[in-house]
Amino acid sequence: MEFRTLRVFVEVVRAGGFSAASGRVHATQSTISKAVRQLEDEIGVPLLNRGPAGVTLTAAGRIVFQRGQALLADRETLMTELQELAGLKRGLLRIGLPPIGSSELFAPVFTLYRQRYPGVDITLVEHGSDRLEELLRASEIDLAASLLPVSDEFDWRPVHRDPLVALMAPDAPLAQSAGPVTLADLRAMPFILFDSGFALNRIIRAACARHGFEPEVTARSSQIDFIIRLAAAGLGVAFLPRLIARARVHVPVAQVPLDEPSTDWVMATLWRRGAYLPQAARAWLEIAASRPE
């Protein structure tokens, strides 16, 4: 059994189909289909039920998928341990960072890491927190930055805590108020949220649910500056950590403090609990911990 075909099969299952997996493994749908067929021929039983709605696992497929994930993770650990025989003169750091806050919080760490360990290759993946946790869970990255709270399957170290601010047009009525606002105050306004996969959305929606309402979402995006400009134009209210909002003062938008319990933006660095943490990843944690919050 080749690791290449096993990885293709695992990605097809995770993506829910051959077409969706093509971008993840950087191969054509035809190539992916042939690789899965090759694996099925080698094992001697079908692994997938193929249908118009996508693919589902057979009983044998479930076993191969579960064991395959473990085998792929063990392979990555083996390769990492062998690399570390030479210390950090060479090696690989696989890290996932979110679009929100990376430039403010992690660019200085990245720069210092590169200066200290120029021989270490860095594979940087950028996604929302939900997707990064999925990749970390599958051992495809060693570290991920994500918002707390997180599952007990991860260990973590705090990076930064910041309150949220509500962003709206400068002439909006609530922008003229003297103090902070709550989500209950904002319930009549359309919300501008990030794309699915961003943990900040969960924080906002959970707080709205505590007030007994579901917000009307007028727009979604993964681009911070675009979201800010939509809010500044009066399309609705958006939310950002205060640190991130203050770094965008060039946009004429009102930044109103949000007085809402349990909505602080708490960024942490995660790794799989009980898993082997490569030396290159431990070095990142040491540099990050040495910097003031």
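Rules and cut-offs
- Residues numbered from 1 in each chain as written.
- Predicted model: local features only at pLDDT ≥ 70, side-chain atom pairs only at ≥ 80, totals over all residues.
- Heavy atoms only, no water.
- Helix = DSSP H or I, 4+ residues; strand = E, 2+ residues; numbered from the N terminus.
- Buried < 20%, exposed > 50% of the residue type's maximum accessible area, 1.4 Å probe, protein only.
- Areas by Shrake-Rupley, 256 points an atom, 1.4 Å probe, with all protein chains shown as cover.
- Lys, Arg positive; Asp, Glu negative; His and termini not counted.
- Charge placed at Lys NZ, Arg CZ, Asp CG, Glu CD.
- Phe/Tyr/Trp six-rings, centres within 6.5 Å; stacked < 30°, edge-to-face > 60°.
- Patch = residues over 30% accessible without salt bridge, like charges linked within 9 Å, V, L, I, M, F, W, Y side chains within 5 Å.
- Salt bridge = Lys/Arg side-chain N within 4 Å of Asp/Glu carboxyl O.
- Pairing = 2+ DSSP bridges.
- Axes fitted to C-alpha atoms, helices over the stretch in contact; angles between N-to-C directions.
- Contact = heavy atoms within 4.5 Å.
- Polar contact = N/O pair within 3.5 Å; in protein donor to acceptor, adjacent residues only side chain to side chain.
- Parallel < 35°, antiparallel > 145°, perpendicular 65-115°, else oblique.
- Left-handed = near helix turned anticlockwise from the far one by under 90°.
- Core = buried A, V, L, I, M, F, W, Y, C linked by side-chain atoms within 4.5 Å.
- Nonpolar A, V, L, I, M, F, W, Y, C, P; charged D, E, K, R; others polar.

Engineer: Tell me about the overall build of the protein chain, and please be specific about residues and values.
Structural biologist: Along the backbone of the protein chain there are 12 helices and 12 strands. For the protein chain, the C-alpha atoms occupy an extent of roughly 70 × 50 × 30 Å along the three principal directions. Burial status across the protein chain gives 46% buried among its 293 residues. Only carbon and sulfur atoms are counted for the fraction: they give 53% of the accessible area of the protein chain, which is about 14400 Å². In the protein chain, which carries 32 positive and 32 negative side-chain charges, the distance between the mean positions of the two groups comes to 3 Å.

Engineer: Go over the packing of aromatic side chains, please, and point to the residues and values.
Structural biologist: What the rule picks out here adds up to 5 aromatic pairs. Ring geometry for Y113 and W284: centres 5.8 Å apart, planes at 50 degrees, overall tilted. With a gap of 171 residues between them, Y113 in helix α6 (residues 107-116) and W284 in helix α12 (residues 279-290) connect regions that are remote in the sequence. Overall, the relative accessible area of 0% leaves Y113 in the buried class.

Engineer: Tell me what's going on with a nonpolar patch on the surface, and back it up with residues and numbers.
Structural biologist: Among the surface-exposed residues, L78, M79 and L82 lie close enough to one another that they form a single nonpolar patch of about 270 Å² accessible area. For L82, a relative accessible area of 44% translates into the label partly exposed.

Engineer: Before we move on, can you summarise the sheet that holds strand β11 (residues 254-257) with the specific residues and values?
Structural biologist: Pairing is antiparallel across the open sheet formed by 3 strands, whose spatial order is β10-β7-β11. Pairing within the sheet leaves two strands with one partner each, and these edge strands are β10 (238-241) and β11. Taken pair by pair, the neighbouring strands of this sheet meet at an average axis angle of 35 degrees, ignoring direction. In this sheet, β10 lies alongside strand β7 (residues 164-168) in antiparallel orientation, the contact comprising 4 bridges. By the bridge assignment for β10, L167 is matched with A238. On the sheet, helix α10 (residues 224-232) packs against β7 and β10 and is oriented at approximately 130 degrees with respect to β10.

Engineer: So what about the pairing of strand β12 (residues 265-272)? Which residues, and what values?
Structural biologist: Burial within β12 is extensive, with 7 of its 8 residues counted as buried. In the sheet, strand β5 (residues 143-147) pairs with β12 via 4 bridges, with the strands oriented antiparallel. Its bridge partner being in β12, A144 is matched across the sheet by L270. One ladder, built from 8 bridges, connects strand β6 (residues 154-162) with β12; its direction is antiparallel. Each residue of the ladder has a partner; that of F154, found in β12, is R272.

Engineer: I'd like to hear about the side chain of S129, residue by residue, with values.
Structural biologist: Of note, S129 is situated in helix α7 (residues 129-137). At a separation of 3.4 Å, a polar atom in the side chain of S129 contacts the side chain of S146. The contacts of S129, once residues within four sequence positions are left out, are A145, S146, L147, G197, F198 and A199.

Engineer: Can you tell me about the packing of helix α1 (residues 3-15) against helix α2 (residues 18-25), naming the residues and giving the values?
Structural biologist: For the pair α1 and α2, interaxial distance at closest approach is 8 Å and the crossing angle is 125 degrees. Taken together, the axis directions place α1 and α2 in an arrangement best described as oblique. Every pair of crossing elements has a handedness; the one defined by α1 and α2 is right-handed. Residues V8, E11, V12, R14 and A15 of α1 form the contact with α2, whose own contacting residues are F18, A20, A21, R24 and V25.

Engineer: Break down the nonpolar core for me, citing the residues and quoting the values.
Structural biologist: Grouped together as the largest cluster of nonpolar side chains are 66 residues, with contacts concentrated most on L93, Y113, M168, L186 and F191. Sequence-distant contacts of L186, defined by excluding residues within four places in its chain, comprise A166, M168, L174, V181, F191, V237, F239 and L258. The next biggest cluster of nonpolar side chains, apart from the first, holds 18 residues, and it includes A35, L39, L47 and L72.

Engineer: Please provide a residue-by-residue account of the packing of α6 against α12, values included.
Structural biologist: Between α6 and α12, whose axes approach to 10 Å, the crossing angle comes to 125 degrees. Taken together, the axis directions place α6 and α12 in an arrangement best described as oblique. Taken as a pair, α6 and α12 cross one another with a handedness that is right-handed. Across the interface between the two elements, V109, F110, L112, Y113 and R116 of α6 pack against A280, A283, W284, I287 and A288 of α12. Looking at the contact of α6 with α12 residue by residue, the classes come out as 9 nonpolar, no polar and 1 charged.

Engineer: Any details on the pattern of salt bridges? Residues and values, ideally.
Structural biologist: What the rule picks out here adds up to 18 salt bridges. For the salt bridge of R14 with E140, the shortest nitrogen-to-oxygen distance reads 2.0 Å. Of this pair, R14 sits in helix α1 while E140 sits in the loop between α7 and β5, and the two are 126 residues apart along the sequence. Between R202 and D130 there is a salt bridge, with the nearest N and O atoms lying 2.1 Å from each other. Of this pair, R202 sits in helix α9 (residues 199-210) while D130 sits in helix α7; the two residues are 72 residues apart in sequence, bridging distant segments of the chain. Assessed through its relative accessible area of 30%, D130 is described here as partly exposed.

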